[in-house]
Amino acid sequence: MKKSLFVFVFAVMATLFSLAGDAKYIFYFIGDGMGANQVLAAEMYLAELEGRIGRNQLAMTSLPVSSQASTFSDSNGITDSSAAGTCLATGVKTTNHTLGLDPEGKPLTTIAEILKARGWGVGITTSVSIDHATPASFYAHVEKRNEYYKIGRQLAASDFDFFGGATFYQPHDPKDSATTSLYQLLRDNHYTVARGYQDYLGKRANAEKMVLIQKHEGLSDNYKGKGQIPYSLDKKAGDLTLPRITSAAIDFLSSHNDRFFLMVEGGAIDWACHSNDAATVIGEVLEFDEALRVALDFYYQHPDETLILVTADHETGGLGLGNSDYTLNLQILKNQQVSVAQLSDKLREQYENNGNKLKWKQVRQLLREDLNFFDEVEITAKEEKELRQALKLTNHNKGSVKTLYKQLSKLADTAVRILNRKSKLGWTTGAHSASAVPVFAIGVGAEEFTGWKDNSELMPILLKNAATDASK
Ligand SMILES: [Zn+2]
């Protein structure tokens, strides 16, 4: 009798063992706005810098499994980041601008919440604001993605172990300044707030839960109060980077938990795509790939227990590789020293310091410094006319171009569009597109991502491969 019971228990255990996953460490990399062409442009750009036609393979495209996913939302063929993030976090499509709720408004459960409830460590990180749509999709449930203070309160109540990113959009309730600040709520909920990587290193040992944001001091003026860490192109020594945030997250989670889930968002890829700024996009894709390398280092130490998925929430900009003839000239983008956002701020500053007027000589000098225009980058008479026209508009106070995340100077926008045209890239929109996004994977269960997917299929595969108590 005892023996048959033993056999029965063993059979049940064996079934559970085969049904449950083996992954004790799950990484979810999301390049916001990162379509296949954003990745390929970065690879072909690197090859062109070496004088070759072809690809310098990134870490993500070197992963053994690759496929694609469609991204439409429940309400539209083209998704926004909150509906897409919600789908990546929960496997359920919802209405654009909704976060963590289904189309009827009922709260959904995210993979991060499910694994947290099972005792896993959870980390949510990004290169933009931690309360922005994609990261918030993993811990917040609100009707509108721009309810940042409400999202921040849900972050503080999440009990997740690690948050990393630029900042919080609304540390105080914009409707009622008497309400408790997010920083107080975080302290009340036993979070340590570190400002910058050095501060993290000093505080990590005594922290129960951690929020890592960038420090205000030392940050370039045009990034103060903005919801992103500086673009790779604008970065100064000491600025926070996505690889640094990722290594801090892995360090913290692996020292506190024997299993963890970590989401890493390359959030600023999307912002640069909204500005149709190819050089900056490539810089952000490369920084995102560097962050992936940090996770891969961890993977190689735990290959039988780790699963890494890399994808995007949607494509942004409708980026095309080719705009006229059968040529590409991506290497010309190396002449761009700063993002269009920073160039725009510099032009605006000169404009204001100069009594709301800019001279062509000043503009020429700045474009020479920041874009190598008139030197390495030849400017035709027609292009000069375009730039002078933009200057005229600026001097008549009509010179601004509104993109989703930035009010750009017409001049900066025109100059960077000229450079993009010369690189032979094309942009179809300043918004999102319905293009399929890449899916790359390595590790336990990675082969299940093979074949063209829909974004709603990704989270269930990750969850299925997560180790349960019965399996490990
Ligand atoms: Zn976007």
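The rules we used
- Residues numbered from 1 in each chain as written.
- Predicted model: local features only at pLDDT ≥ 70, side-chain atom pairs only at ≥ 80, totals over all residues.
- Helix = DSSP H or I, 4+ residues; strand = E, 2+ residues; numbered from the N terminus.
- Rg over C-alpha atoms; globule rule 2.2 N^0.38 Å.
- Buried ≥ 20, exposed ≤ 12 C-beta atoms within 10 Å, placed from the backbone.
- Contact = placed C-beta atoms within 7 Å.
- Pairing = 2+ DSSP bridges.
- Axes fitted to C-alpha atoms, helices over the stretch in contact; angles between N-to-C directions.
- Domains from an automatic or database assignment.
- Nonpolar A, V, L, I, M, F, W, Y, C, P; charged D, E, K, R; others polar.
- Core = buried A, V, L, I, M, F, W, Y, C linked by C-beta atoms within 7 Å.

Student: Tell me about the overall build of the protein, residues and numbers included.
Tutor: Along its length, the protein carries 16 helices and 16 strands. The C-alpha radius of gyration computed for the protein amounts to 23 Å, which stays within 12% of the reference 23 Å derived for 472 residues, consistent with globular compactness. Out of the 472 residues in the protein, the part that is buried amounts to 52%. Once local pairs closer than 6 in sequence are excluded, the contacts in the protein between residues at least 24 apart make up 73%.

Student: Give a detailed account of the environment of Thr429, specifying residues and quantitative values.
Tutor: By the secondary structure assignment, Thr429 is in the loop between strand 13 (425-427) and strand 14 (432-433). Each C-alpha atom, one on Thr429 and one on Ser275, is 9.5 Å from the other, the two residues being 154 residues apart in sequence. Dropping the residues within four chain positions of it, Thr429 is found in contact with Gly317 and Gly318.

Student: Which residues make up the sheet that holds strand 4 (residues 162-164), and what are the values?
Tutor: Either a parallel or an antiparallel arrangement is found when strands of a sheet pair, and the pairing is made through backbone hydrogen bonds. Judged by pairing direction, the sheet is mixed, and its ten strands sit side by side in the order 5-6-4-3-7-1-8-15-2-16 without closing on themselves. Pairing within the sheet leaves two strands with one partner each, and these edge strands are strand 5 (191-195) and strand 16 (453-454). Strands strand 1 (25-31), strand 3 (121-126) and strand 7 (260-266) of the sheet are contacted by helix 10 (residues 267-274), whose axis makes an angle of about 20° with strand 7.

Student: Lay out the domain arrangement of the protein in plain terms, naming residues and giving numbers.
Tutor: By a frequent convention, interface size equals the accessible area lost on bringing the separate parts together. As assigned here, the protein comprises domain 1 (20-321 + 434-464) and domain 2 (336-422). Summarising the inter-unit geometry, the C-alpha centres of domain 1 and domain 2 are found 32 Å apart. Within the residue set of the side of domain 1 that touches domain 2, elements represented by two or more residues are helix 10 and helix 11 (278-301). Residue composition of the side of domain 1 that touches domain 2, grouped by class: six nonpolar, five polar and two charged.

Student: Which residues make up helix 3 (residues 81-90), and what are the values?
Tutor: With ten of ten residues buried, helix 3 is to be regarded as a mostly interior element. Those residues of helix 3 not exposed but buried are Ser81, Ser82, Ala83, Ala84, Gly85, Thr86, Cys87, Leu88, Ala89 and Thr90. On its buried side, helix 3 packs onto strand 1, helix 4 (111-117), helix 5 (133-136), helix 10 and helix 16 (458-464). At the exit of helix 3 stands Gly91, carrying a positive phi of roughly 80°.

Student: So what about the environment of Ser344? Which residues, and what values?
Tutor: Turning to its location among the elements, Ser344 is positioned in helix 12 (residues 340-353). Look at Ser344 and you get buried, because 27 C-beta atoms sit within 10 Å. Between the C-alpha atom of Ser344 and that of Leu425, which follows or precedes it by 81 residues, the distance is 21 Å. When sequence neighbours within four positions are dropped, the list of residues in contact with Ser344 reads Leu408, Ser409 and Ala412.

Student: Could you give an account of the pairing of strand 15 (residues 437-443), naming the residues involved and the relevant values?
Tutor: Here strand 15 lies mainly inside the structure; seven of its seven residues are buried. When strand 2 (residues 65-70) meets strand 15, the two strands line up antiparallel, connected through five bridges. Residue Gln68 lies in a different strand from strand 15, and its bridge partner there is Pro438. The sheet contact formed by strand 8 (residues 306-311) and strand 15 spans four bridges and is antiparallel. Note on strand 15: the bridge partner recorded for Ile308 is Ile442.

Student: For the nonpolar core, give the residues involved together with the corresponding values.
Tutor: Core analysis: the biggest nonpolar cluster contains 139 residues, and Phe27, Ala112, Ile308, Leu309 and Ala415 have the highest contact counts within it. When we break this core down by domain, the ones giving at least three residues each are domain 1 (20-321 + 434-464) and domain 2 (336-422). The contact partners of Leu309, leaving out residues within four places of it in the chain, are Phe27, Tyr28, Phe29, Ala441, Phe449, Leu458 and Leu462.

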